[in-house]
Amino acid sequence: QVQLVESGGGLVQCGDSLSVSCAASGLAFDSYVMAWFRQAPGKEREFVAALSGTGTRIIYGSSVEGRFTASRDNAKSTVYLQLNGLKPEDTGKYYCAACTRLQYLTASYHSLEGSYSYWGQGTRVTVSS
């Protein structure tokens, strides 16, 4: 069975940094684009970042560009997201997702939540002011 399990969320203050991770199992991890999305209360799910299978190419959502860094360790079947310079508007539940459609990483396709077959349960990040 495919499982994606996020961890590392918590309560931090504005300007702090936080690292979250997603451990995957039951899939050909290094073949798939992996992504991070987030969802604030009462808002639509928002694209955060996506990584090619090797981690060589990474795309970011405009709201986090320059502040967050995504990476992956295929030997550990784990993806990471380093959140820096956190703002209250970064508050939300952060989800990782796997795209099982084998196509080259593109912003137009991989920024869409409908492109992903598997999702984790999410880890909550709360940024206080």
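Above this text sits the structure in question.
Since this is a predicted model, take the numbers as computed values, not measurements.

**As for the sheet that holds strand E3 (residues 18–25)**
Paired through backbone hydrogen bonds, the strands of a sheet run either parallel or antiparallel to each other.
1) Next: The four strands are arranged E1-E3-E8-E7 in an open sheet whose pairing can be described as antiparallel. With partners counted over all chains shown, the strands left at the sheet margins are strand E1 (3–7) and strand E7 (68–73), one partner each. Geometrically, the sheet is characterised by an average inter-axis angle of 15° between neighbouring strands, direction not taken into account.
2) Next: As paired elements, E3 and strand E8 (residues 78–83) share six bridges and run antiparallel to each other. Within E8, the position partnered with Leu18 by the bridge is Leu83.

**Notes on the pattern of salt bridges**
Pairing is possible between side chains of opposite charge, provided their charged atoms come close.
1) Next: Overall, the coordinates contain three salt bridges when judged by the stated rule.
2) Next: Salt-bridge contacts for Arg38 lead to Asp90; the nearest nitrogen and oxygen are separated by 2.8 Å. Of the two residues, Arg38 is situated in strand E4 (residues 33–39) and Asp90 in the loop between E8 and strand E9 (92–99); the sequence distance between them amounts to 52 residues.
3) Next: Note on Asp90: relative accessible area 0%, which makes it buried.
4) Next: With a closest N to O distance of 2.7 Å, Arg67 and Asp90 form a salt bridge.

**Some thoughts on the side chain of Ser21**
1) Next: In this structure, Ser21 sits in strand E3.
2) Next: Look at Ser21 and you get buried, because its relative accessible area is 18%.
3) Next: Those residues in contact with Ser21, other than ones at most four positions away along the chain, are Val5, Glu6, Ser7, Trp36, Thr78, Val79 and Tyr80.

**So, the nonpolar core**
1) Next: Core analysis: the largest hydrophobic core is formed by 26 residues, its most contacted members being Leu4, Trp36, Val48, Phe68, Leu81 and Tyr94.
2) Next: Secondary structure elements with two or more residues in this core: E3, E4, strand E5 (46–51), E7, E8, E9 and strand E11 (123–128).
3) Next: Contacts of Val48, omitting those with residues within four sequence positions, involve Trp36, Phe37, Arg38, Ile59, Tyr60, Gly61, Val64, Phe68, Leu81 and Tyr94.
4) Next: If you look at the next biggest cluster of nonpolar residues, it comprises 10 residues, including Val33, Phe47, Leu105 and Tyr116.

**Some details on the packing of aromatic side chains**
The geometry of an aromatic ring pair comes down to the distance between the two centres and the angle between the two planes.
1) Next: Applying the stated criterion to the full structure yields five aromatic pairs.
2) Next: Taking 5.5 Å as the distance between ring centres and 70° as the angle between the ring planes, the aromatic pair formed by Phe37 and Phe47 counts as edge-to-face. A residue pair is termed long-range when its members are at least 10 positions apart, and Phe37 in strand E4 and Phe47 in strand E5 qualify at 10 residues. Accessibility classification places Phe37 together with Phe47 in one group, the buried group.
3) Next: Ring centres of Tyr116 and Trp119 lie 6.1 Å apart, and the angle between their planes is 70°; on these two criteria the pair is classed as edge-to-face.
4) Next: Joined through ring pairs, the aromatic side chains of Phe37, Phe47, Tyr95, Tyr116 and Trp119 make up one cluster.
5) Next: A cation over an aromatic ring shows up here: Arg45 above the ring of Trp119, its NZ or CZ 4.9 Å from the ring centre.

Analysis parameters
- Residues numbered from 1 in each chain as written.
- Predicted model: local features only at pLDDT ≥ 70, side-chain atom pairs only at ≥ 80, totals over all residues.
- Heavy atoms only, no water.
- Pairing = 2+ DSSP bridges.
- Helix = DSSP H or I, 4+ residues; strand = E, 2+ residues; numbered from the N terminus.
- Axes fitted to C-alpha atoms, helices over the stretch in contact; angles between N-to-C directions.
- Salt bridge = Lys/Arg side-chain N within 4 Å of Asp/Glu carboxyl O.
- Buried < 20%, exposed > 50% of the residue type's maximum accessible area, 1.4 Å probe, protein only.
- Contact = heavy atoms within 4.5 Å.
- Core = buried A, V, L, I, M, F, W, Y, C linked by side-chain atoms within 4.5 Å.
- Phe/Tyr/Trp six-rings, centres within 6.5 Å; stacked < 30°, edge-to-face > 60°.
- Lys NZ or Arg CZ within 6 Å of the ring centre and 35° of its normal.

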